[in-house]
Amino acid sequence: MNRYESDKKINRVVMTGLMMCLILVATSLFKVPVPFTQGYVHLGDAMIFLSVLVLGKRNGAIAAGVGSALGDILGGYAMWAPWTFAIKFIMGLIMGIFVEAMEKRGHKTSNRGVCFIEVVGMVLAGLEMTGGYFVAERFIYGNWAVPLLSVPWNIGQFVVGMIVAVILAEALYKTPARKFFTIKN
């Protein structure tokens, strides 16, 4: 392994850890309680989308799962951590796989800004998150009423997350340091 490959690997590990922390902070600091469900909505999804844009599918999914699960553990929702890890990991993976598949089919993505393909990937990932928590809540609460009440809140959470992620990504792509934010796998 030459020095360039070593530096790139170190950069990827550091950026993955940074994105885990940003997901944890956005999940923990910006909580809005959801009536009837004893849960909350947060801005963690914005950082999940951003992590996939920055890191690609594999490291973005790892950051999403670990950062979100840590948010549950440290925020007093430890029983949700395994569910959250799986749901958010798959969320990041779905977005990354979709974007990568579209790139292979010849659809263009750009390091100059967020494109339509990446937004569609965010929507698919958000729908997976909504469905994943719907199923998880069914098992945890033992009925279908509470999960049904949380669906609009989860949709709102990922839509706001998409908007924030696009704004942040557009700002990052315009900085001179953008080369550090384009280390997709």
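Residues numbered from 1 in each chain as written. Predicted model: local features only at pLDDT ≥ 70, side-chain atom pairs only at ≥ 80, totals over all residues. Heavy atoms only, no water.

Undergrad: In this structure, what is going on with the pattern of salt bridges? I would like to understand it.
TA: Two side chains bearing opposite charge may form a pair once their charged atoms approach each other closely. All told, the structure shown has three salt bridges when counted by the stated rule. When the shortest N-O distance is used, the salt bridge between D45 and K88 registers 2.4 Å. Within this pair, whereas D45 is found in helix 2 (residues 44-55), its partner K88 is found in helix 4 (residues 81-104), the two being separated by 43 residues in sequence. Across the salt bridge formed by K104 and E100, the nearest N and O atoms sit 3.8 Å from each other. Of this pair, K104 and E100 both sit in helix 4, separated by four residues, roughly a single helical turn. Exposure remark for K104: the relative accessible area of 68% places this residue in the exposed category. E100 sits in the partly exposed class, given a relative accessible area of 21%. (Salt bridge = Lys/Arg side-chain N within 4 Å of Asp/Glu carboxyl O. Helix = DSSP H or I, 4+ residues; strand = E, 2+ residues; numbered from the N terminus. Buried < 20%, exposed > 50% of the residue type's maximum accessible area, 1.4 Å probe, protein only.)

Undergrad: Whenever I open this one, a nonpolar patch on the surface confuses me. Can you help?
TA: A contiguous nonpolar surface patch, about 340 Å² in accessible area, is contributed by I155, V159, I163 and I167. With respect to the helices and strands, the residue I155 is situated in helix 6 (residues 145-173). (Patch = residues over 30% accessible without salt bridge, like charges linked within 9 Å, V, L, I, M, F, W, Y side chains within 5 Å. Areas by Shrake-Rupley, 256 points an atom, 1.4 Å probe, with all protein chains shown as cover.)

Undergrad: Sorry if this is basic, but what is going on with helix 2 here?
TA: Residues three or four positions apart in an α-helix share a direction because the helix packs 3.6 residues into each turn. With 12 residues, helix 2 extends 16 Å from end C-alpha to end C-alpha; this agrees with the ideal 16 Å at 1.5 Å per step. Of all 12 residues in helix 2, 12 are buried, a share of seventy percent or more. For helix 2, the complete set of buried residues consists of G44, D45, A46, M47, I48, F49, L50, S51, V52, L53, V54 and L55. The elements touched by buried residues of helix 2 are helix 1 (3-29), helix 3 (57-74), helix 4, helix 5 (116-141) and helix 6. A positive backbone phi angle near 90 degrees is found at G56, which sits one or two residues after helix 2. (Expected span 1.5 Å × (residues − 1). Contact = heavy atoms within 4.5 Å.)

Undergrad: Help me understand the packing of aromatic side chains, please; the structure alone is not making it clear to me.
TA: For any pair of aromatic rings, the description rests on two quantities: the centre-to-centre distance and the angle between the ring planes. This structure, assessed with the given rule, holds six aromatic pairs. Look at W80 and Y141: their rings are 6.2 Å apart centre to centre, the planes differ by 55 degrees, and that puts the pair in the tilted class. Placement of W80 in the loop between helix 3 and helix 4 and of Y141 in helix 5 is noted, with a sequence separation of 61 residues between them. For Y141, a relative accessible area of 26% corresponds to the partly exposed category. (Phe/Tyr/Trp six-rings, centres within 6.5 Å; stacked < 30°, edge-to-face > 60°.)

Undergrad: Would you take a moment to explain empty space enclosed by the protein for this structure?
TA: The method is simple in principle: a probe with the dimensions of a water molecule rolls over the atoms, and the space it marks as empty is what remains. Enumeration according to the criterion identifies one cavity of 30 Å³ or more in this entry. Its volume calculated, the largest cavity comes out at about 310 Å³. Every residue lining the largest cavity is counted, 20 residues in all, and those nearest its centre are G39, Y40, Y133, E137 and N154. For the lining of the largest cavity, the secondary structure elements donating two or more residues are strand 2 (40-41), helix 3, helix 4, helix 5 and helix 6. Ranked by residue count, the leading element in the lining of the largest cavity is helix 6, at four residues. Residues that form the lining of the largest cavity fall into these classes: eight nonpolar, nine polar and three charged. (1 Å grid on protein atoms, 1.4 Å probe; cavity = no way out; pocket = protein on both sides within 12 Å on 5 of 7 lines; lining within 4 Å. Points joined across faces, edges and corners; volume = space filled by probe spheres on them. Nonpolar A, V, L, I, M, F, W, Y, C, P; charged D, E, K, R; others polar.)

Undergrad: Explain the packing of helix 2 against helix 6 to me, please; I cannot follow it from the model alone.
TA: For any two helices packed against each other, one specifies the crossing angle of their axes together with the interaxial distance. It is at 7 Å that the axes of helix 2 and helix 6 come closest, and there the two elements cross at 45 degrees. Comparing the axis directions of helix 2 and helix 6 gives the class oblique. The two elements helix 2 and helix 6 cross, and the hand of that crossing is right-handed. Contacts between helix 2 and helix 6 involve D45, A46, M47, F49, L50 and L53 from the first element and Q157, F158, G161, M162, V164, A165, L168, A169, L172 and Y173 from the second. (Axes fitted to C-alpha atoms, helices over the stretch in contact; angles between N-to-C directions. Parallel < 35°, antiparallel > 145°, perpendicular 65-115°, else oblique. Left-handed = near helix turned anticlockwise from the far one by under 90°.)

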